[in-house]
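# Report on the structure
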Amino acid sequence: MTAENTPDNTPGNTRAAAAPAPAVVPEALDAPGRVVLLTTSHRVAPGLLSWPAWQLLHTADRVLCVDTEHPQLPYLREAGVTVEHAAPDAHQLVEECAGGRTVVVLPSGEGDQQLTDGLARLAGSGRVRMPDLELLPGSYDLPGARLLDLVQVMDRVRRECPWTSQQTHRGLAKYLIEEAYELVEAIEDGDRDELREELGDVLLQVVFHARIAQEGTGEEGDEPFSIDDVAGGLVEKLIHRHPHVFGDETAETAEDVHAHWNRTKAIEKQRESVTDGVPVGQPALALAAKLTSRVRGSELDVPLPAGEGVGYQLLALAASAEAAGTDPEAALRAAARAYRDAIRAAEKAQGGTAPVEE
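Below: a short report on this structure. (Residues numbered from 1 in each chain as written. Predicted model: local features only at pLDDT ≥ 70, side-chain atom pairs only at ≥ 80, totals over all residues. Heavy atoms only, no water.)

### A short note on the sheet that holds strand 5 (residues 132–137)
Operational definition: Being paired, for any two strands, means DSSP has found at least two bridges between them. Runs of E in the DSSP output that reach at least two residues are strands. Runs of H or I that reach at least four are helices, and both are numbered from the N terminus.
Within the open sheet, the five strands sit side by side as 3-2-4-1-5. Their pairing is parallel. Strands with a single pairing partner mark the edges of an open sheet, and in this sheet they are strand 3 (84–85) and strand 5.

### Describing the packing of aromatic side chains
Aromatic ring pairs: the centre-centre distance and the angle between the two ring planes describe each pair. Note the following rule: Centres within 6.5 Å make a pair out of two Phe, Tyr or Trp rings, where for Trp the six-membered ring is used; the pair is then stacked when the planes are under 30 degrees apart, edge-to-face when over 60, and tilted otherwise. Burial status follows relative accessibility: with a 1.4 Å probe on protein chains alone, a residue under 20% of its type maximum counts as buried, one over 50% as exposed, and anything between as partly exposed.
Under the counting rule described, the total for this entry stands at one aromatic pair. For the pair W163 and Y175, a centre-to-centre distance of 6.3 Å together with 75° between the ring planes defines the contact as edge-to-face. Taken together, the residues W163 in the loop between helix 6 (146–160) and helix 7 (169–189) and Y175 in helix 7 connect sequence positions twelve residues apart. Taking the relative accessible area as the measure of exposure, W163 reaches 45% and is therefore partly exposed. Judged by relative accessible area, Y175 falls into the partly exposed class, the value being 28%.

### Description of the nonpolar core
Keep this limit in mind: Take the buried residues of types Ala, Val, Leu, Ile, Met, Phe, Trp, Tyr and Cys, join any two whose side-chain atoms come within 4.5 Å, and each joined set is a nonpolar core.
One finds L57, V63, L76, V104 and L106 to be the most contacted residues of the largest nonpolar core, which totals 17 residues. For this core, the secondary structure elements donating two or more residues are strand 1 (34–39), helix 2 (51–59), strand 2 (62–65), helix 3 (73–78) and strand 4 (102–106). Looking at which element gives the most residues to this core, the answer is helix 2, with four residues.

### Overview of a negative patch on the surface
The following threshold applies: Patches here are clusters of residues that have more than 30% relative accessible area and form no salt bridge, with a 9 Å joining cutoff for like charges and a 5 Å cutoff for nonpolar side chains (Val, Leu, Ile, Met, Phe, Trp, Tyr). Note that accessible areas follow from Shrake-Rupley with a 1.4 Å probe, and for residues the cover is restricted to the protein chains shown. For this analysis, a salt bridge means a side-chain nitrogen from Lys or Arg found within 4 Å of a carboxyl oxygen belonging to Asp or Glu. By the counting scheme adopted, Arg and Lys are positive, Glu and Asp are negative, and His together with the chain ends is not counted. The atoms used to mark charge sites are NZ of Lys, CZ of Arg, CG of Asp and CD of Glu.
On the surface, a cluster of negative charge is contributed by E178, E182, E185, D191, E194 and E197. Secondary-structure elements contributing two or more residues to the negative patch are helix 7 and helix 8 (192–214). Per-element tally for the negative patch: the top contributor is helix 7, with three residues. The residue E185 is located in helix 7 in this model. For E185, a relative accessible area of 35% puts it in the partly exposed group.

### Looking at helix 6
Where we set the bar: Each helix should span, by expectation, one fewer than its residue count multiplied by 1.5 Å. Think of it as the arc spanned by the lines of direction from the helix axis to the C-beta atoms.
The terminal C-alpha atoms of helix 6, which comprises 15 residues, lie 21 Å apart, in line with the 21 Å expected from a rise of 1.5 Å per residue. All of the buried residues along helix 6 are D149, M154 and R158. Viewed along the axis of helix 6, the buried residues span an arc of 165°, placing them on a single side of the element. Structural note: helix 6 exposes R156 and R159 on the side pointing more than 90 degrees away from its buried face.

### A closer look at the layout of surface pockets
Short version of the rule: With a 1 Å grid spanning the protein atoms alone, the term cavity applies to any set of points in which a 1.4 Å probe fits but cannot get out, the term pocket to an open set with protein on both sides within 12 Å along at least five of seven lines, and the term lining residue to any residue with an atom within 4 Å of a point. Grid points are joined across faces, edges and corners, and a volume is the space filled by probe spheres set on the points. Three classes are used: nonpolar for Ala, Val, Leu, Ile, Met, Phe, Trp, Tyr, Cys and Pro, charged for Asp, Glu, Lys and Arg, and polar for all others, with Gly counted as polar.
Considered as a void within the structure, the largest pocket measures approximately 640 Å³ in volume. As for the largest pocket, its lining consists of 18 residues, and the residues nearest its centre are N262, V274, S293, R294 and G297. A per-element tally of the lining of the largest pocket places helix 11 (residues 254–269) first, with eight residues. When the residues that make up the lining of the largest pocket are grouped by side-chain class, the tally is four nonpolar, six polar and eight charged.

### Here's the deal with the packing of helix 7 against helix 14 (residues 328–349)
For the record, the criterion: Helix axes are fitted to C-alpha atoms over the stretch in contact, other axes to C-alpha atoms as well, and angles between N-to-C directions run from 0 to 180 degrees. For classification, angles of less than 35 degrees are called roughly parallel, those exceeding 145 degrees roughly antiparallel, those between 65 and 115 degrees roughly perpendicular, and all remaining angles oblique. Contacts are assigned to residue pairs that have any heavy atoms within 4.5 Å of one another.
At their nearest, the axes of helix 7 and helix 14 sit 12 Å apart, and the two run at 75° to each other. Classified by the interaxial angle, the pair formed by helix 7 and helix 14 is roughly perpendicular. Here V184, E185, E188 and D189 of helix 7 lie close against helix 14, whose contacting residues are R333, R337 and R340.

### Some details on helix 11
In a regular helix each residue adds 1.5 Å, so 16 residues correspond to 22 Å; helix 11 covers 22 Å between its end C-alpha atoms and thus fits that length. Q270 occupies a position one or two residues after helix 11 and carries a positive phi of about 50°.

### Thoughts on the environment of R62
We apply this condition: Whenever a nitrogen or oxygen atom comes within 3.5 Å of another N or O atom, the pair is scored as a polar contact, on the condition that within protein one atom can donate a hydrogen and the other can accept it, and that pairs from neighbouring residues in sequence are kept only if both atoms are in side chains.
In this fold, R62 is placed in strand 2. For the pair R62 and V81, spaced 19 residues apart in the sequence, the C-alpha separation amounts to 9.6 Å. Not counting residues within four places of it along the chain, the set of residues in contact with R62 comprises E84, E96, R101, T102, V103 and V104. One polar contact links R62 to E84, side chain to side chain, over a distance of 2.4 Å.

Now the structure itself:
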């Protein structure tokens, strides 16, 4: 409002007429500004930031970072972004935004909890005109990103844990078998929480063995390989054995897929017998079913051996179940679990546990 149109500008009111006009304050100078917390993922290579993040960094009034070892700093400097090593508290940061300024903060790996808590307290007090508070993810975790954390943690545990550092492939083999059976039990129980945990335990065994192999100092002094070699080999296998997905082959049914898999596997392995690759150390019913499956899937006509005793009877039952599409190992296990439940019910009915005779 100027002096010419003030109510006090009347004849005889020389004091009002002589008063200087108040300064006009641009709206931008009175704006509260904004604070942007630019987060990045340590699981993504430094320097790989989103386009909105780069735009913000190049247009911000100030870019602050308390961590002098922040992995993004060399790449920001190379891109011409000036980063100040500063650790303002919440009050100072709010003051820095006065006049509509934009201040970007690169949190440290710990997240700068003290600063964010301070900003939250100021915003909740209602006594301070707060700048706009924004959170901008500069990089995102891709699916499977936590596997990188697992590899890092396993590496450190292998180096620093007295027990873990002494383990070998042979010494760990029994744990892999145990974890596999516990996973099967979780699947059969239908317990989702237990399933997730047991999958993690099996994955731990894979990462553990790969970390040992990375040292190249195994029992046989084999050539070293890493978890990346394991994953890379698996990726190549999946692509090669799914030509109907990654190639020009077609597969309309699950049987077509199975035929593709077996045909490709036979070419890869160059096996001399259909029994090659069948581990004889697996449970006997599963072994019997696998052997009969291999014969049935080939051009061989090999009758079951005749003999006396329960072993041959079980072999015949396993072959019959496999031909009918039933897993005899799983079927027997389900029956055994039902029997276990019946035993527990009988014990409960009798008010206690019967003595066990070995």
